[in-house]
Each structure stands twice: as structure tokens, then as C-alpha cells.
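Breakdown of the fold
Next come the chains, spelled out residue by residue.
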Amino acid sequence: MNTSEIVNKAWRKGIAIPGFNIPYLPMMAPVIEALRDTNSFGLVMVARLEWKKFESKSLEAISAEYQKLKDENHTRLHLDHIPVIDEDGIRVDFEENISRALDNGYESVMIDGSRLSLNENIECTRNIVEIAEKYNVPVEAELGAVMGHESGRMPSYDELFESKKGFTSPDDARRFVEESGTDWLSVAIGNVHGAISVAGKQEKKLEAKIDIEHLAKINKLAGVPLVLHGGTGIRRKYILESIKHGIAKINVATAIRQPYENALPRGVDVAQEAVYRAMLDLIKDELLIENSKDILFGEE
Ligand code: 13P
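Predicted, not measured: the structure shown is a model, and the values here were computed from it.

Let's shift gears to the overall build of the chain. When its secondary structure is counted, the chain shows 13 helices and eight strands. The globule rule puts the C-alpha radius of gyration for 300 residues at 19 Å, and the 17 Å found for the chain is close to it. The buried share of the chain, reckoned over its 300 residues, is 58%. For the chain, contacts bridging at least 24 residues in sequence account for 76% of all contacts bridging at least 6. Entry remark: accessible area of the chain is about 12500 Å², with carbon and sulfur atoms responsible for 46%. Measuring between centres, the 37 positive side-chain charges of the chain sit 3 Å from its 49 negative side-chain charges.

Residue Lys164 is not a glycine yet carries a positive backbone phi of 60°. Along the chain, Lys164 turns up in the loop between α7 (157-163) and α8 (170-180).

Successive residues of a regular strand alternate their side chains across the two faces of the sheet. Where burial is concerned, the two faces of strand β6 (residues 184-187) agree: the one with Trp184 and Ser186 and the one with Leu185 and Val187 are both buried. The pairing of strand β5 (residues 139-143) with β6 spans four bridges and is parallel. Following the sheet pairing, Leu143 is matched in β6 by Val187. Sheet topology note: the β6/strand β7 (residues 226-228) ladder contains two bridges and is parallel. Its bridge partner lying in β7, Leu185 is registered against Leu226. Crossover connection from β6 via helix α9 (residues 212-222) to parallel β7: handedness right-handed.

On the surface, Asp281, Asp285, Glu286 and Glu290 cluster together into a patch of negative charge. We classify Glu290 as partly exposed; its relative accessible area is 42%.

Time to look at the packing of aromatic side chains. A complete count under the given rule lists five aromatic pairs for this structure. A ring pair is formed by Tyr24 and Phe54, whose centres lie 6.1 Å apart and whose planes are at 80°; its orientation type is edge-to-face. Of this pair, Tyr24 sits in the loop between β1 (17-21) and α2 (28-37) while Phe54 sits in the loop between α3 (48-52) and α4 (59-69), placing them 30 residues apart in sequence. A single burial state applies to Tyr24 and to Phe54, both of which are buried. Between Phe161 and Phe167 the ring centres are 6.1 Å apart and the planes differ by 75°, which places this aromatic pair in the edge-to-face class. Considered together, Phe161 and Phe167 belong to a single accessibility category, that of buried residues. A cation over a ring is seen here: Lys209 above Phe161, with NZ or CZ 4.5 Å from the ring centre.

Rules used throughout
Residues numbered from 1 in each chain as written. Predicted model: local features only at pLDDT ≥ 70, side-chain atom pairs only at ≥ 80, totals over all residues. Heavy atoms only, no water. Helix = DSSP H or I, 4+ residues; strand = E, 2+ residues; numbered from the N terminus. Rg over C-alpha atoms; globule rule 2.2 N^0.38 Å. Buried < 20%, exposed > 50% of the residue type's maximum accessible area, 1.4 Å probe, protein only. Contact = heavy atoms within 4.5 Å. Areas by Shrake-Rupley, 256 points an atom, 1.4 Å probe, with all protein chains shown as cover. Lys, Arg positive; Asp, Glu negative; His and termini not counted. Charge placed at Lys NZ, Arg CZ, Asp CG, Glu CD. Pairing = 2+ DSSP bridges. Right-handed = clockwise from strand over helix to strand, strands pointing away. Patch = residues over 30% accessible without salt bridge, like charges linked within 9 Å, V, L, I, M, F, W, Y side chains within 5 Å. Salt bridge = Lys/Arg side-chain N within 4 Å of Asp/Glu carboxyl O. Phe/Tyr/Trp six-rings, centres within 6.5 Å; stacked < 30°, edge-to-face > 60°. Lys NZ or Arg CZ within 6 Å of the ring centre and 35° of its normal.

As C-alpha cells, then:
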């Protein structure tokens with residue numbers, strides 16, 4: 001099964017496919033090991049900011065490591081956030097990055113035009129959909145503002161949540177999916193990314209809420225699997241409710257990065273063990289996806 005079929009099946013069956021970010025290459029082994037040991041399924045992924053600001057080196061280095069460690073019963077390789085305009089306001093050659101990923105065996109890719117106007121976001125995404133189609137690879141796009149990656153103080157979370165500032169508009173979501181042809185849509189519904197700035201990256205991530213009513217409205221109109229970024233620290237009841245309303249893929253970074261970084265002074269082995277333990281907690285207690293591989297790869 002390719003990643004498109006797997007995510008579509010998860011969407012129909014009400015199971016989450018987690019995507020785990022790899023900001024340091026040695027994190028990949030315990031991520032895959034934990035997925036295999038719990039008979040679950042997940043995506044191994046890297047975002048541009050992780051080779052720019054962390055130590056995953058490059059999309060090629062991640063792909064090479066993945067080819068060594070992969071287990072096709074439990075994993076696929078995904079390219080996370082390639083922004084058109086990055087978290088520092090710099091314009092990125094997103095086409096070049098994504099084309100290189102497609103040539104390097106990535107099995108799904110994300111174009112992030114969320115800092116653009118609706119029309120520009122549609123245009124950039126459609127462009128990537130046309131390129132990825134030639135590789136038979138699904139595309140994820142983002143609409144709305146999932147905050148947290150920018151440096152500087154975030155506005156008050158409660159105010160953001162109450163005002164729905166930056167939330168994905170359900171009507172825009174319908175138009176966006178129709179006109180861009182994206183396979184999956186990342187939405188802003190109260191979720192925020194864990195901080196990655198030097199000042200904020202070690203801070204405990206805030207407990208984000210999800211506006212389930214708002215998500216339900218998007219889900220009615222979008223018609224494609226929806227993606228929840230900022231998976232760290234969202235309470236389980238929100239995660240489980242959101243899966244009932246169209247969320248099929250959940251991105252998780254901070255919950256495995258911080259244990260790795262905190263344990264690293266005691267050695268890479270100790271840090272890998274910390275990632276493995278964090279993965280077991282996520283799989284068994286937060287996302288409840290133990291044995292999801294059997295459902296995803298089993299009979300309809
Ligand atoms: P967290 O760091 O909050 O888990 O978010 C991860 C993410 O959404 C990466 O795309």
C-alpha cells in the first residue's frame with residue numbers, strides 16, 4: 001500500500017497515523033523500533049527547519065538513514081513543512097526542495113503556503129500537486145495559521161483560542177481543496193507547534209485545546225483527510241474527538257525531541273532510550289494506536 005491508501009484507510013477507520021519528526025539523525029532508530037515493537041504504524045518525517053536549525057543535516061541524509069532502517073510494515077517516509085515563506089520571513093525555493101525529496105524517495109510531501117494569501121497558497125500548492133502526481137506521491141498543504149515556529153512571544157493562547165484568530169475557514173477549506181487538488185489538509189483549530197526558537201525550545205509546551213465544533217465544520221466541507229500539527233501536549237480527549245471528525249494524521253515533534261535533548265549529555269544511547277520510552281507512552285497512552293498496523297493492512 002502506498003501512503004495515500006494508508007492515510008485514506010486510517011481516515012475511514014477512525015485511526016490516527018502519527019508522523020514523528022527527526023531533528024537529530026540518531027532519533028530515527030528508536031522511533032522505528034517503537035513502532036515495530038507495538039505493531040503500530042507511523043510516518044518518519046523531517047521538516048526543512050530541522051536541517052536548518054537542528055541536526056538532521058539534509059533531506060538526503062534523512063532519506064539515506066531511512067533506507068537503512070525502514071520497515072515497510074510499520075513506516076513510510078514523509079517530508080514535513082517546506083514553507084514558501086519560512087518562520088523567519090525568508091522566501092524558500094520550495095519547488096526545488098520538494099523535487100529533490102521526490103527524487104530521494106520521499107513517499108509523501110508537504111508544501112506550506114500558510115503564510116501566503118489564499119489565492120497564492122492555492123497556486124503554489126497546485127503547482128506541487130502537479131509535480132508530485134508524476135511520482136504518484138500524495139501532497140499535504142496547510143491553510144490557516146498553526147503558530148509556534150516563529151521566534152518572539154506568542155500572543156496569549158486563551159485569547160487566540162477564544163477569538164479563533166488564524167483558524168482555518170471552513171469555506172476557504174472547501175475552495176482550497178477543490179482548486180489546489182491537495183490530498184490532505186493541515187488545519188488550524190486551536191493547535192500550536194512546540195517552540196523551536198533558541199529561547200523557547202526547552203520550555204514545556206502549553207496544553208493546547210481543539211475546537212471540535214470548528215473542526216466538524218471544516219470536515220463537512222473539505223472532503224479530504226485532515227492533518228493535526230502540534231500534536232505534543234494536546235489532551236487525549238481532544239485527540240480522540242478530533243479523529244472522529246476527520247483528523248487522520250497527527251504530527252508529533254516536541255514530545256520526542258525534548259527527551260532526546262535532555263538525555264544527550266549522558267550519551268547518544270541514553271538519549272535514544274529516552275526517545276523509545278517517549279514513543280511507547282505516545283503510542284500506548286496518548287494516540288492509542290497499538291496494533292494499528294493490523295487494521296491498516298488488514299481486510300476492509
Ligand atoms: P509539536 O512539536 O507540537 O509536536 O508539533 C509537531 C509538528 O506539528 C511538526 O509539523
